[in-house]
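This is what each chain is made of:
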Amino acid sequence: HSDAMAPRLKAGDYVALRHIGSHPKIFNGEVYCIDTKNTGFIVREVSNMPDGYRLHARSERYGDDFIAYEDVVGVYEVVGAVIMTI
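**Remarks on the nonpolar core**
Piece 1. One finds Ile26, Tyr32, Ile34, Ile42, Val46, Tyr53, Leu55, Ile67, Val72 and Val75 forming the largest nonpolar core, which totals ten residues.
Piece 2. For leucine 55, the contacting residues outside a window of four places in its chain are Ile34, Ile42, Arg44, Glu45, Val46, Gly63, Asp64, Asp65 and Ile67.
Piece 3. Of all hydrophobic cores here, the second largest spans six residues; its members include Met5, Leu9, Val31 and Tyr76.

Pasting the structure below:
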């Protein structure tokens with residue numbers, strides 16, 4: 001429940017996910033959902049770093065985050081969305 005990926009995804013929208021592993025090969029800058037041990041699910045643009053993932057929000061109100069590989073439970077490809085707002 002966040003507007004970090006606005007304007008495309010907003011709070012209340014639903015995303016369809018496909019599990020691709022706990023440390024899969026990803027395409028830097030693409031949108032993924034990262035399931036973390038402490039925070040839960042986070043949808044962001046993801047980039048590989050030497051010891052984790054850099055998570056980038058599209059909304060300028062949010063700064064970049066970093067998640068260490070050891071804190072990742074699973075990585076999901078965002079394959080679709082149901083947009084609830086007009």
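Next, the rest of the story.
**Quick look at the side chain of serine 59**
Piece 1. You can see serine 59 is positioned in the loop between strand 4 (52–56) and strand 5 (65–68).
Piece 2. Here serine 59 falls in the buried class, since its relative accessible area comes to 12%.
Piece 3. With residues near it in sequence (within four places) discarded, serine 59 still touches Asp3, Ala4 and Ala6.

**Regarding the sheet that holds strand 6 (residues 72–82)**
Piece 1. Spatially, the six strands line up as an open sheet ordered 1-6-2-3-4-5, and their pairing is antiparallel. Two strands in the sheet have a free side with no partner beyond their single neighbour: strand 1 (14–21) and strand 5. With direction set aside, neighbouring strand axes in the sheet form an average angle of 45 degrees.
Piece 2. In this structure, strand 3 (residues 40–49) lies alongside strand 4, joined through five bridges in antiparallel fashion. Along strand 4, the bridge assignment pairs serine 47 with arginine 54.

**As for the side chain of aspartate 13**
Piece 1. Looking at where aspartate 13 falls in the secondary structure, it is placed in the segment before strand 1.
Piece 2. The buried charged residue aspartate 13 lacks any salt bridge partner; its closest oppositely charged side chain belongs to lysine 10, at an N-O distance of 6.8 Å.
Piece 3. Reaching out from aspartate 13, the side chain makes a polar contact with the backbone nitrogen of methionine 84 at a distance of 2.8 Å.

What counts and what doesn't
Residues numbered from 1 in each chain as written. Predicted model: local features only at pLDDT ≥ 70, side-chain atom pairs only at ≥ 80, totals over all residues. Heavy atoms only, no water. Core = buried A, V, L, I, M, F, W, Y, C linked by side-chain atoms within 4.5 Å. Buried < 20%, exposed > 50% of the residue type's maximum accessible area, 1.4 Å probe, protein only. Contact = heavy atoms within 4.5 Å. Helix = DSSP H or I, 4+ residues; strand = E, 2+ residues; numbered from the N terminus. Pairing = 2+ DSSP bridges. Axes fitted to C-alpha atoms, helices over the stretch in contact; angles between N-to-C directions. Lys, Arg positive; Asp, Glu negative; His and termini not counted. Salt bridge = Lys/Arg side-chain N within 4 Å of Asp/Glu carboxyl O. Polar contact = N/O pair within 3.5 Å; in protein donor to acceptor, adjacent residues only side chain to side chain.

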